[in-house]
Amino acid sequence: AKIKTLMSEFGTVTRVYLVEEDKAAKKKRKKAAGGGSGGGKRYLEGWVEFESRKIAKQVGMSLNNTPITNYKRSVHYGDIWNVKYLRKFKWSHLTEKVAYERRVREQKLRIEMMSAKRENAAYASLVEAGKKLDRIEERRKKKNKRGIDEADGPDTKKRKFRQTKPVDGKDTSGAAKRAVLNALV
């Protein structure tokens, strides 16, 4: 509303669009200002559409690089207008740009949400695996407390291995050679 009133001194303003500063910069600015100060909204850039193209050109030429105000107590004292007339610029170009930026922001947010969900699912599966291992360990401890030794339990099998007899240098009948050959087969 303030820009519209400032610009309407020069001619009839049809539309105004201002780009607000991003939330992170606003938060940082308010934190640096401390307390309740820090002000309201701040804008980075803006577009003003005049009813007449001729007036828009005159405003662009006359306001560019001039101080916003000469009143020393004003907040805008020392600030300079940076105004430019944009030839062949349509308001639809601006709305397309804004819509495109919104879509990009939404897509980035969607990608971040998907990666966060994926990380969360991976973490949950690791927690479940850890819980399973803890339950297995608890069951093993209970078995040991009841006196059932894991090696002598009813469901463990004892394996028998065939071993060859040691070879003595005294055996002359060839039994040692047969024992070694049988062990290989």
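Residues numbered from 1 in each chain as written. Predicted model: local features only at pLDDT ≥ 70, side-chain atom pairs only at ≥ 80, totals over all residues. Heavy atoms only, no water.

**Looking at the overall build of the protein**
Condition: Only DSSP runs of H or I covering at least 4 residues are called helices, and only runs of E covering at least 2 are called strands; the numbering of each starts at the N terminus. Categorising residues by exposure relies on relative accessible area from a 1.4 Å probe, with only protein chains included: less than 20% of the type maximum marks a residue as buried, more than 50% marks it as exposed, and the intermediate range marks it as partly exposed. The accessible surface values rely on the Shrake-Rupley method and a 1.4 Å probe; as for residues, cover is taken only from the protein chains in view.
Scanning the protein for helices and strands turns up 5 helices and 2 strands. Along the chain direction, N to C, the helices and strands of the protein fall in the order α-β-α-β-α-α-α. Here the protein holds 185 residues, and 10% of them are scored as buried. Accessible surface, the protein: about 16900 Å² in total, of which carbon and sulfur atoms supply 53%.

**So, the side chain of Glu-21**
Heads up, the rule is: By the convention used here, residues are in contact when the closest approach between their heavy atoms is within 4.5 Å.
By the element assignment, Glu-21 lies in the loop between β1 (13-20) and α2 (23-33). Those residues in contact with Glu-21, other than ones at most four positions away along the chain, are Lys-26, Arg-29, Arg-42, Tyr-43 and Leu-44.

**Here we look at unusual backbone geometry**
Residue Asn-65 is not a glycine yet carries a positive backbone phi of 60°. Note on Asn-65: relative accessible area 58%, which makes it exposed. Even without being a glycine, Lys-88 presents a positive backbone phi close to 55°. Positionally, Lys-88 belongs in the loop between α3 (53-63) and α4 (91-145).

**Some words on the nonpolar core**
What counts, and what does not: To define a nonpolar core, start from buried Ala, Val, Leu, Ile, Met, Phe, Trp, Tyr and Cys residues and group those joined through side-chain atoms within 4.5 Å.
Grouped together as the largest cluster of nonpolar side chains are 8 residues: Met-7, Val-13, Phe-50, Ala-56, Val-59, Leu-63, Trp-81 and Val-83. Here this core takes 3 residues from α3, the largest share from any one element. Not counting the four nearest positions on each side in its chain, Leu-63 is found in contact with Met-7, Phe-10, Trp-81 and Val-83.

**Concerning the packing of aromatic side chains**
Given two aromatic rings, one states the distance between the centres and the angle between the planes to describe the pair. Condition: Stacked, tilted and edge-to-face pairs are distinguished by plane angle, under 30 degrees for stacked and over 60 for edge-to-face with tilted covering the rest, among Phe, Tyr and Trp rings (Trp via its six-membered ring) whose centres lie within 6.5 Å.
For the structure shown, the criterion picks out 1 aromatic pair. The interplanar angle of 35° and the centroid separation of 6.0 Å between the aromatic rings of Tyr-17 and Trp-47 together place this pair among those described as tilted. With Tyr-17 in strand β1 and Trp-47 in strand β2 (residues 43-50), the pair connects residues that are 30 residues apart, well separated along the chain. Judged by its relative accessible area of 15%, Trp-47 falls in the buried class.

**Looking at the environment of Ser-52**
Applicable threshold: As used in this structure description, the phrase polar contact means that two N or O atoms lie within 3.5 Å; if the pair is within protein, one of them must be able to donate a hydrogen and the other to accept it, and residues adjacent in sequence are counted only when both atoms belong to side chains.
With respect to the secondary-structure elements, Ser-52 resides in the loop between β2 and α3. Considered as a pair, Ser-52 and Thr-12 are 40 residues apart in the sequence and their alpha carbons are 7.7 Å apart. Of note is the side chain of Ser-52, whose polar atom sits 3.3 Å from the backbone nitrogen of Lys-54.

**A word on a positive patch on the surface**
Let me state the cut-off plainly: A patch consists of residues exposed above 30% relative accessible area that lack any salt bridge, with like charges linked at up to 9 Å and nonpolar side chains (Val, Leu, Ile, Met, Phe, Trp, Tyr) linked at up to 5 Å. Salt bridges, as used here, are contacts in which a Lys or Arg side-chain nitrogen is within 4 Å of a carboxyl oxygen on Asp or Glu. Charged-residue counts in this description rest on Lys and Arg as positive and Asp and Glu as negative, His and the chain ends being excluded. Throughout, a charge is located at the NZ atom of Lys, the CZ atom of Arg, the CG atom of Asp or the CD atom of Glu.
A surface patch of positive charge is lined by Lys-131, Lys-132, Arg-135, Arg-139, Arg-140, Lys-141, Lys-142, Lys-143, Lys-145 and Arg-146. With respect to the element layout, Lys-145 can be found in helix α4.

**So, the pattern of salt bridges**
For the structure on display, the rule yields 3 salt bridges. Between Arg-15 and Glu-49 there is a salt bridge, and its shortest N-O distance comes to 2.8 Å. Of this pair, Arg-15 sits in strand β1 while Glu-49 sits in strand β2; the two residues are 34 residues apart in sequence, bridging distant segments of the chain. One connected set of salt bridges, linked through shared partners, spans Glu-45, Lys-97 and Glu-101.

**Some points on α3**
What counts here: When we speak of the arc, we mean the arc of directions from the helix axis to the C-beta atoms.
Restricting attention to buried positions, one finds in α3 the residues Ala-56, Val-59, Gly-60 and Leu-63. Buried residues of α3 fall within an arc of 100° about the axis and therefore sit on the same side. Opposite its buried face, α3 presents the exposed residues Lys-54 and Met-61, each directed more than 90 degrees away. Buried-residue contacts for α3 involve α1 (2-7) and β2. Looking one or two residues beyond α3, the residue adopting positive phi is Asn-65, at roughly 60°.

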